[in-house]
Every structure is written in structure tokens, then in C-alpha cells.
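Each chain, letter by letter, is given below.
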Amino acid sequence: MRVRYSLLAGICAGAMAVPAYAQDAGDEEPTVRQNVIIVTAQRQNQSLQEVPIAVSAFDAEALEAQQIENTSDLQLTLPNVSFTKSNFTGSSFTIRGIGDLCVGTSCDSATGIHTNGSPLFGTRLFETEYFDLERIEVLRGPQGTLFGRNATSGVVNLVTHKPELGIFGASAEAEYGNYNSIKAKGMINIPLGDSVAFRAAGFYLNRDGYTTNTFDGNDLDDRDMYAVRGSLRFEPGPDTTIDLMAYYFRENDKRLRIQKQQCQRDPTGVLGCLNNRRDFDNTNANSTFTGTLGSVEFLSIALGNPALGAALGLNSIYGPDIYFNYDEPDDVRTVGTSFTPEYFADELQLQAHIDHNFGPIKMSLSGTYQETSVDSRQDYNLGIPGRNFAQFQTALNSLAFFAANGLPTGVANPPFVPGSAAYFAPIAAALIPDGPNGQLCTSDTRLDNRGVYEGFGICSDLPGAFDRSRSNGKSWSTEAIFSSDFDGPFNFLVGGIYAEAKAYDTDYYVNAFAIDYITGVLGTLTAFGAGAPPSYLATSFYRNNTQDFKLKSYGIFGEVYFDISDTLKLTGGLRYNNDKKRLAARTTLANFLNPFSNDGDPFDSPFVGGFDADPGTPGNQLLQVRQVGFDEITGRAVLDWQIGPENLIYASYSRGYKSGGINPPLSPVFSVSESFGPESLDAFEIGTKNTFLNGALQLNLTGFYYNYSSLQLSRIIARTSVNDTIDAKIWGVELETIIRPADNWLINANFSYLNAEVKGDQFFSNPRDPGGGDPNAVIIKDITNGALCAVTGPAPGAAAAFVGGVNATLGLQAPGPFPADGGIASLGAFSICSALAANAPTGFAVLSPGVEVNLKGNKLPQAPEMKASFGTQYTAEFSNGMTLVPRFDVAFTGEQYGNVFNGRVNRIKPFVQANAQIQLNGPDDRWFIRGFVQNIFNSNSVTGLYVTDASSGLFSNIFTLDPRRYGIAVGAKF
């Protein structure tokens, strides 16, 4: 009985070459039929089993059989590979503990993402679904001497299906599943004479949301997306092939950029969230920027008038916050929000590639042009705030009263100050246009910086709080590669690449009713006291704005290959890389007065001279402009020994490199480096690839060790992501197997172990515990900006006594303990860090952002210690030519951490994902019917987390895989 190759080839978790068997009726023993996967990991067509690199590849049949529809699915079966979405519309594809842990416009990707061998910049391929691919290749380990852009962790190369000359073909597939999911895929291949062919393909997906909104009962996190690709192949002669490709993707829906927020709520309000666990709860909003600057206590100090502060304060830092009576649903698929999320993304790719053979020399020329954009808005706290507690309503009533009557000269001493009503009237008109019991209006997120005070607001019955993450990019690259195919022992490959990338209007906004209120009240009181016209503090929302980022990069690379003997080969490679980066950016929030009468761009304000985006440059700069440059020589050496026809052993050394970048400007300014340095690593690898038992068993085994210098990691300071570097050591093993116990059975099993940890003494302040575990330190929430600092003293109890004394003069409470189960040993208090520093006696220290702790031995984030996967399928053949193929896959991902500070609160639990399907194929595979289920156990698998900064309350944003999906699909080929 003959097993059909189209059903069996390529179905493997490690995606090594899949052997299929043919056995005639008279044969006593099966014979191996070499249906291998051909890859271009070394820029030439080779069997995957012959490549002395840790590489996995999935062909089209493997992607379909294992239900690998997107990158989240792809990671499950790959050894030492993980993937997660991240906080700012990005993602991190981590290979062997090295991922995109750097956050910022100027960061390079640790994992190179390529289409048909050409690098992509800021791609949205991680949003879309796979369709009409020839294969996906995943190379583990640093790459640079073969691929155009340096990559420290590895390369993911998506190879699209090229037009087939002289063949007309078409296929179509339709799927319906739960969540009202409708998906369609299609392809048509049209010959245009003997030497030209055109191929068009696309997909469309529309489904309801996975997440229920308790606020209105509607579903969120839906999908509405499509992509199309057109390809043209022209072969003018036997030695020349020209490929052209155009691709467009678009998504416009209510996708949740962040699935859920978790917090062990801090009743003191100093931290917002505690340090021991992640509960289903909201942060204590008294800890946030708006909770401190909008408080009775801060306004009383800032205005020098406790009565006025009590009248205008939105809350007390010692009282209930806006979430005090909100019950957060204990379910990652249930949220409460009055703001419906918005998500838009699109991408255009244009690509040209020419191959030409000059006898034994092959020339490959390629060029790629790319445009990308993404724009996402959603509720900042994913909770439903209250507006019905007494202090909040008191502030709104006071605002309306002062807008109508003006400021009193004293609480017990009317009349009111003449003309002062004009200072409050614009605030009330903008924020509470229907009065203190009506709707509340919040600034919109506009590119021209105009908000609610210029007439651009979003109004709701509840106080709004939402963020917006957006970016736009254009890039192009061109690459030339020359390679030889001589008969002798020596061959070579040499290439060069030049690339330019630009990002513009890359923004992150945080907008909130409370921010508008604070900027209005503080601004107008400041203007009134200075005799300036009625004004607010601009901008009336937080905006981290990169107006322009440019990258210019070129590289020269090459390899030589020398056959020492018929079975022993030496490979040596070198690369020179040069990157130049320029960034123009600013961060704004309540920085300068802007008259209400200026309804244009706030930066046209006559008081804009009070804003300085670049304190390091003389004069007041409206933008901080920085340039950096990096260059490096890297290389690799490989020795591989073909000890038998089906057995390969290799050992390699690679030098990996990734350029540094520029940190964005901060507001307020903290002492951080303006730039961060490049990464480098020495990677040692030994591996073996084997086929045993006449093809019944394939077994690949790899071991590796990395010595990593200056690994780039991000942390939040002053509401902005900045990047630091640490050293690390990484080692692990990877096992990939395919077993064919009989003709109709296929079993694959993979296993990997990873140890990725901080090397040497590395000292940083943990944002969740600025006291550094010191019981004698006092953690301070600074009520002037929502940031944290820590106070230490020369003796036990000294710091607490000192803070208590200063606080008494400010009208603030003395330090107190955190809850016993909060994971915080220090005391905590609200205070003003600058006042403490100005009054600190000898022997006391005010540390911002906190006490540093040693991270030596901590695990790197997004680096699961263990992964394992298992899959099996059986092909039942019928006499009429039809086949029935059931398949089951299960994948285990072990414990990992969301950030480098580790601890229980940052631990990501192990998870299991299981899929199953059964497919009936018609004769000659002309049609099929498939039933499927994904995530059989409906696991709420968390893949990553992001800890917000102190002024946001230190809650954790988490990212998850999809819930259980099931449905039916039908398809046909023509």
C-alpha cells in the first residue's frame, strides 16, 4: 500500500525532513523515499538534514496539518523558541533566551524577520495569518555572514510560493468556527506563455471577539483582516530567473492590544500594586500621577491654601480611590471598560529578485520596499472607575462654582476675587459642559497636540482614561550575493547590503479626565498668580513623540567553504556592519502655560519657552535630536563531518552583534543615559543530524553555550521606556525526533532545556520594590509627579523618623507598613523626594528610583526553562483513493519570568496547548473536509507580561494565547 506524499511530507514539529516510504506488493522491506524539505539557510538549496546549523522548517503541508496559522502557533513546537505580544503594538520572538527586550523606535530586532531572504523593518507579519507559503525557516543562533541584517538570536524567513511556469492551478478554502469565525483562503496560478507565470493569493478573516465587556455586554478583541499577494516569475533563459512580488495587509477591528491587567492591590496607595502575586484586581489609583497631583494633599501644598486644596482636590491620597468599589472579573476573557478599543494596521511590501548563473558563479540581486503603520487605542486601566464618591463630586461642584463666581478671598471672608471666574470658566466648559452632574470630557489623542481645551474631547458618563500607541514606517533595502559552485574543494559566497529605514509620528499617549483636570486647574491658578491670561499646562495629556527616526545601514559579508576531505568540511565567515541612527523626539505633559485663547497647536503658545526637550543643549529646544553610530566585525567558523550518508556532526563558533540606540527624552528628567550600547555574544554550538533504521527514525541533537555582553533590557522611568544593558550566560540542549513505526504512522517529539541567567554583579532598582528588601528603608511616593524614591538612614528606624519629621511640616502622614503578604519589607509614605533630599542630614540618602539590588543569577525574561511537544497522525487509505487523516498535537511550555527581577509576582506559569483535527481527502487530494479544535483544554496561557511604571501604579499587563477554537473547513484544488 502506497502512502501519499502530499499528506505525509513535512509533517513534523521540529520540521526536519520527513521520510516517506514506498513498498510494492512483493517487497519484504520498506525502501526510503527521500521526500526532504529543501531550505536556503545557507543561501543555497540544501536538504535540511545536510545544513550544519540549528534550523527548523515547516512546509505548506506541515503548517496545515499542525494548525500553524500564525506566529503564536509557530512557537509552540519549536525548541527553545517563544513568542509574545508586547505592550506597545509590538512583539518579541525569543530564540534561546534572546528576544526583543529592548523597547523603543531606535531598537534593532534581536530576531531577524525576512521574506524570501530580505530583511523587514517593523513588520506587521505577526498580526496576520499564514497563506500560500512554500515554507517557513527558523534559524536558531546568531546570523550575520549569510543574511543581510545582523541578528543575535536567529532568523525567521518566510518563503512565499512562487508562480509555476506552464501550469494552471487554483485552490480555495472556506472555514467556519465558533465565535462566528469566517475565514477564506484562495490561490490562482496562471501561465502567461512558456516563460512567464502569475500567481495571486489571499486570505480573509472575520470573527467575533474573544473577550466580554461587563460594561455593556458587548464582545471585544474581534478580528477583521485580509491580505493579498501577487507574484510574477519570468525566465527569459535557462540561466536567469526574475521574481516580482507585491503584498498588502490590512486590519481594522476592536483588537485588544493588552488582554488583561493584574495587580495585588496596595491598600496604602504608595505602590499601587504589591510585590508578591498577580491578583485579578485594579491598582490603587491614589498611587498614580493623577492620584497624587489631583489630590487634596498636593493641591493644598502647591496652592498654599488647604481650604482651596480641599475644594478642588479630586481625591485624598489617604482616602478611597476611583476603583475602590469596583470588582475586577476573575477571568482573563472578561473585562470592564467604557472605552471600546480600536486597532488598525496595514503593510505594503514590494519585492524584486533576480538570479543569474554565469557558469559556476551565481549572482542574486534583490530589493525590497516596505511601508507599515499601526494605530491602537484602548482603556488604560481596563476597569470601570467610579465618580460617585464624595471628594470627586466636591471637586466638580467647586469647579462649576468657581467658573460662575470666581475664587473666594478666604473661606470665611467673601466676596470673590474680581475676574477670577474667567480663569475657571474655560475649564468647566471643556470638562463638564453639561454641569458637574453631566458628562465628563477627556482630550482626544491628536497629532497636532490639541485636546479638550481646543474643543477636541471624548465625553462619557465616567471619567475617561485611555492610551494610544501608533507608528508609521518606510524602508527599503538592496542586496547582492555572488556564490560559486566549483568542482574543486574550494567555494565561496560574498555579499553586500544597504538599507534605509524611517519611522515617523511614532507616539505613545496617555489621556485621562484627571490629567485634563489637573493641567487645567494648576495651569489657570499659575497663570492667575502670575498675571498671565487664563491658561492650562500643555500638553494636557502624556505624549512620548518620536517625530522622526532614520537608520542607514550597510554590511559586507561572506563565507568560504573548503572540503578538507570527502566527508570533512570547514566553513569560515566574516561580516562588517555599519549602522547610523538619528532620532528627533520629545516627551510632554503639563510642561508650559498655553492660553485657552490659543486654539491652535499648543507649541505656538507665547509661553512655550518654558519647555525644554533637551536640557543637555544650551537654550530651550522643542525637540531633542541625537545621533549615534556603531560598527563591528563579526564572523563564524564551522567544522562539519559527514560520518555516514545519513549522519552529520558539526561544531561551530559565531560572534553575534546588534547595534545600540537612543533613549527617548524623559519628562520629568531623570538621570539616565541618552543612548545604550550594542549587544555582542560569543556562541558555541555542537550538533548532530541523523537518520536511522532505514529512514524510520530521524534524530537531531544540539547543544550550545552563549557568553553574552551588554544584553539590552527595557525598564520604565518617568512614564517612558529606557534601555539598559546587562551581561548574561546562556546554555541549553535541543532534541528533535521523527518516528515512522509503520507506513501510515507519523510521530514527532521535541524537547529543549534552557538556562539563561544574568552573569556577574549587575545592580538595578526593582520598580516593584524600591526599598530593595531593606526593612529600614522607606519607600516614598512623590506626590509632585507620581514617581518613587527610597530613603535610607544610618541606623534602624532613622529613615522612618526623618521622613515622619519632614512630612509633619508638609501636612502628610508618617511612614507605615505595607500588608504582611505584600512582599515588601520596607515602610512606605507619601512625601516629596526633593524636599527630603534638601533636608537629609549626613548619613541619610534619598535614592531615585530606589535601592539597587544585585541581579546576579536571575533568569532572563521570556526564556522558558523547558519545552516539549508531541504529535502523532495516522493515514487510513480506502480502495476508492480517499484517505482519512486524524492528528493530535500537544505542546508544553515551562516556567518563565516576565522581567529580569524574577520573583513570584513576575513568574509566568507553565502551560499546555493541545490541538486535534481529522481530515477526509478526496481521490488525488482534489478536495478535503476538515474538522478541528485548537486549545482543547481552553487554557488561558500567558506568554508574557509588562510592568507599568510607578506613576501608573505598577500593574502588570498580560498577553495570552487564544481560547478554545473549533470548526469545520472545506477546500478544493483545481
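Residues numbered from 1 in each chain as written. Predicted model: local features only at pLDDT ≥ 70, side-chain atom pairs only at ≥ 80, totals over all residues. Heavy atoms only, no water.

A. Representation of the overall build of the protein within the structure. Per the secondary structure count, the protein includes 11 helices and 55 strands. Scaling as 2.2 N^0.38, a compact globule of 974 residues should have a C-alpha radius of gyration of about 30 Å, and the protein matches this with 31 Å. Every one of the 974 residues in the protein was classed for burial, and the buried ones make up 60%. Counting only contacts in the protein whose residues sit at least 6 apart along the sequence, the fraction spanning at least 24 positions is 70%. Total accessible area on the protein is roughly 34300 Å²; 57% of this is exposed by carbon and sulfur atoms. When the 69 positive and 99 negative side-chain charges of the protein are each reduced to one mean point, those points stand 1 Å apart. (Helix = DSSP H or I, 4+ residues; strand = E, 2+ residues; numbered from the N terminus. Rg over C-alpha atoms; globule rule 2.2 N^0.38 Å. Buried < 20%, exposed > 50% of the residue type's maximum accessible area, 1.4 Å probe, protein only. Contact = heavy atoms within 4.5 Å. Areas by Shrake-Rupley, 256 points an atom, 1.4 Å probe, with all protein chains shown as cover. Lys, Arg positive; Asp, Glu negative; His and termini not counted. Charge placed at Lys NZ, Arg CZ, Asp CG, Glu CD.)

B. Layout of the environment of Phe955. With respect to the secondary-structure elements, Phe955 resides in the loop between strand E53 (942-947) and strand E54 (956-960). Phe955 sits in the buried class, given a relative accessible area of 2%. With near-sequence residues (within four places) excluded, Phe955 lies in contact with Gln261, Gln262, Cys263, Cys273, Thr283, Tyr380, Asn381, Tyr946, Val947 and Thr948.

C. Looking closely at the sheet that holds E54. Sheet architecture is open: three strands sit in the order E19-E54-E53, paired in antiparallel fashion. Edge positions in the open sheet fall to strand E19 (260-262) and E53, since each of these has one partner strand only. Strand-to-strand twist of the sheet, defined as the mean angle between neighbouring strand axes without regard to direction, takes the value 30°. Looking at chain direction, E19 and E54 are connected through three bridges and run antiparallel. (Pairing = 2+ DSSP bridges. Axes fitted to C-alpha atoms, helices over the stretch in contact; angles between N-to-C directions.)

D. Fine view of the packing of aromatic side chains. Under the counting rule described, the total for this entry stands at 33 aromatic pairs. On the numbers, 6.3 Å between centres and 55° between planes, the contact of Tyr226 with Tyr248 is tilted. Note that Tyr226 is positioned in strand E17 (residues 223-237) and Tyr248 in strand E18 (residues 240-253), a separation of 22 residues in sequence. Taking relative accessible area as the criterion, Tyr226 reaches 31% and is therefore assigned partly exposed. With centroids separated by 4.6 Å and ring planes inclined at 10°, the aromatic side chains of Phe339 and Phe466 adopt a geometry described as stacked. With Phe339 in the loop between strand E20 (334-335) and strand E21 (342-358) and Phe466 in strand E25 (residues 465-484), this residue pair connects regions lying 127 residues apart in the sequence. The residues Phe339 and Phe466 share a single accessibility class, namely buried. Joined through ring pairs, the aromatic side chains of Phe324, Phe389, Phe392, Phe513 and Tyr517 make up one cluster. Here the basic side chain of Arg207 rests over the ring of Tyr210, its NZ or CZ set 3.4 Å away from the ring centre. Here the guanidinium or amino end of Arg229 rests over the ring plane of Phe131, the centre of that ring lying 4.3 Å away. (Phe/Tyr/Trp six-rings, centres within 6.5 Å; stacked < 30°, edge-to-face > 60°. Lys NZ or Arg CZ within 6 Å of the ring centre and 35° of its normal.)

E. Summary view of the state of the cysteines. If you walk through the whole model with that rule in mind, you get three disulfides. The disulfide bridge from Cys263 ends at Cys273, spanning 2.0 Å between sulfur atoms. Sign of the S-S torsion, about -115° for the bond between Cys263 and Cys273, identifies this disulfide as left-handed. Taken as a pair, Cys263 in the loop between E19 and helix H4 (289-293) and Cys273 in the loop between E19 and H4 lie far apart in primary sequence, 10 residues in all. Cys273 gets classed as buried once you look at its relative accessible area, which sits at 1%. (Disulfide = S-S within 2.5 Å.)

F. Representation of the sheet that holds strand E9 (residues 118-119). Here five strands make up an open sheet; going across it, the order is E5-E10-E11-E8-E9 and the pairing mixed. A strand with exactly one partner marks an edge of an open sheet, and here the two such strands are strand E5 (55-59) and E9. Note that E5 and strand E10 (residues 133-140) share five bridges and pair antiparallel. Considered in E10, the bridge of Val55 is made with Leu139.

G. Summary view of the pattern of salt bridges. The final tally for this structure, using the stated rule, is 45 salt bridges. Glu342 is the salt-bridge partner of Arg377, the closest N and O atoms lying 3.0 Å from each other. Placement of Arg377 in strand E22 (residues 361-379) and of Glu342 in strand E21 is noted, with a sequence separation of 35 residues between them. By relative accessible area, which is 11% here, Arg377 ends up buried. With a closest N to O distance of 2.6 Å, Arg468 and Asp375 form a salt bridge. (Salt bridge = Lys/Arg side-chain N within 4 Å of Asp/Glu carboxyl O.)

H. Representation of the layout of surface pockets within the structure. Estimated volume of the second largest pocket: approximately 410 Å³. Forming the boundary of the second largest pocket are 18 residues, of which Gln262, Arg278, Arg907, Lys909 and Val942 lie nearest the centre. In terms of residue class, the lining of the second largest pocket is made up of eight nonpolar, five polar and five charged. (1 Å grid on protein atoms, 1.4 Å probe; cavity = no way out; pocket = protein on both sides within 12 Å on 5 of 7 lines; lining within 4 Å. Points joined across faces, edges and corners; volume = space filled by probe spheres on them. Nonpolar A, V, L, I, M, F, W, Y, C, P; charged D, E, K, R; others polar.)

I. Here's a closer look at empty space enclosed by the protein. Summed over the entire model, instances satisfying the criterion amount to 13 cavities of 30 Å³ or more. Looking at the second largest cavity, its volume works out to about 700 Å³. If you go around the second largest cavity, you meet 42 residues; those closest to its centre are Asn70, Ser72, Arg223, Thr960 and Asp962. When contributions to the lining of the second largest cavity are tallied by element, the ones reaching two or more residues are helix H3 (71-74), strand E6 (81-85), strand E13 (181-191), strand E14 (196-207), E17, strand E51 (911-921) and E54. Among the residues forming the lining of the second largest cavity, the class breakdown is 12 nonpolar, 16 polar and 14 charged.

J. Highlighting the packing of helix H8 (residues 421-431) against helix H9 (residues 513-530). One way to put it is that H8 packs onto H9 with a least axis distance of 9 Å and a crossing angle of 170°. Taken together, the axes of H8 and H9 lie roughly antiparallel to each other. Of the residues in H9, those touching H8 at Tyr423, Phe424, Ile427 and Leu431 are Phe513, Asp516, Tyr517, Gly520, Val521, Thr524, Leu525, Ala527 and Phe528. (Parallel < 35°, antiparallel > 145°, perpendicular 65-115°, else oblique.)

K. Structural view of the nonpolar core. In this structure, Leu271, Leu312, Phe424, Tyr453 and Tyr517 are the most contacted members of the largest nonpolar core, which totals 77 residues. Of the residues forming this core, the biggest block, nine residues, is contributed by H9. Aside from chain neighbours lying at most four places away, what touches Leu271 is Asp266, Ser287, Arg768, Pro770, Ile779, Leu788, Phe818, Ile824, Gly953 and Leu954. Counting residues in each nonpolar core, the second largest holds 33 residues, with Ala62, Ile95, Leu133 and Ala227 among its members. (Core = buried A, V, L, I, M, F, W, Y, C linked by side-chain atoms within 4.5 Å.)

L. Geometry of helix H5 (residues 296-303). Restricting attention to buried positions, one finds in H5 the residues Val296, Glu297, Phe298, Leu299 and Ser300. At its buried positions, H5 is contacted by H4, helix H6 (306-312), helix H7 (390-405) and H9. Gly304 sits one or two positions beyond H5 and adopts a positive phi of about 65°.

M. Region of the structure containing a nonpolar patch on the surface. A cluster of nonpolar side chains, contributed by Phe486, Phe490, Val560, Phe562, Ile564, Leu570 and Leu639, occupies part of the molecular surface with about 590 Å² of accessible area. Inspection of the secondary structure assignment puts Phe486 in the loop between E25 and strand E26 (490-512). (Patch = residues over 30% accessible without salt bridge, like charges linked within 9 Å, V, L, I, M, F, W, Y side chains within 5 Å.)

N. Representation of the environment of Val638. Inspection of the secondary structure puts Val638 in strand E31 (residues 624-644). For Val638 and Gly455, which are 183 residues apart along the polypeptide, the C-alpha to C-alpha distance reads 65 Å. Those residues within four positions of Val638 in sequence are excluded, and the remaining contacts are Pro52, Lys569, Leu570, Thr571, Tyr650, Ala651 and Ser652.

O. Focus on unusual backbone geometry. The residue after Ala538, namely Thr539, is reached through a cis peptide bond having omega -5°. Tracing the sequence through the fold places Thr539 in the loop between strand E27 (535-538) and strand E28 (542-563). Residue Pro849 follows Ser848 across a cis peptide bond; omega there is 10°. Within the secondary structure layout, Pro849 lies in the loop between strand E44 (845-847) and strand E45 (852-854). The phi dihedral of Tyr179 is positive, around 60°, even though this residue is not glycine.

P. Seen up close, the pairing of E17. Strand direction decides the pairing type here: E14 and E17, joined by 12 bridges, are antiparallel. Paired with Ala201 across the bridge in E17 is Arg229. Bridge analysis of E17 against E18 gives 11 bridges, and the strand direction is antiparallel. Note on E18: the bridge partner recorded for Ser231 is Met245. The turn linking E17 back onto E18 is made up of two residues.

Q. Quick look at H9. Taking 1.5 Å of rise per residue, 18 residues should cover 26 Å, and H9 covers 26 Å from first to last C-alpha, within 8% of that figure. Counting buried residues in H9 gives 14 out of 18 residues, a clear majority hidden from the surface. Looking one or two residues past H9, Gly531 carries a phi angle of roughly 75°, positive in sign. (Expected span 1.5 Å × (residues − 1).)

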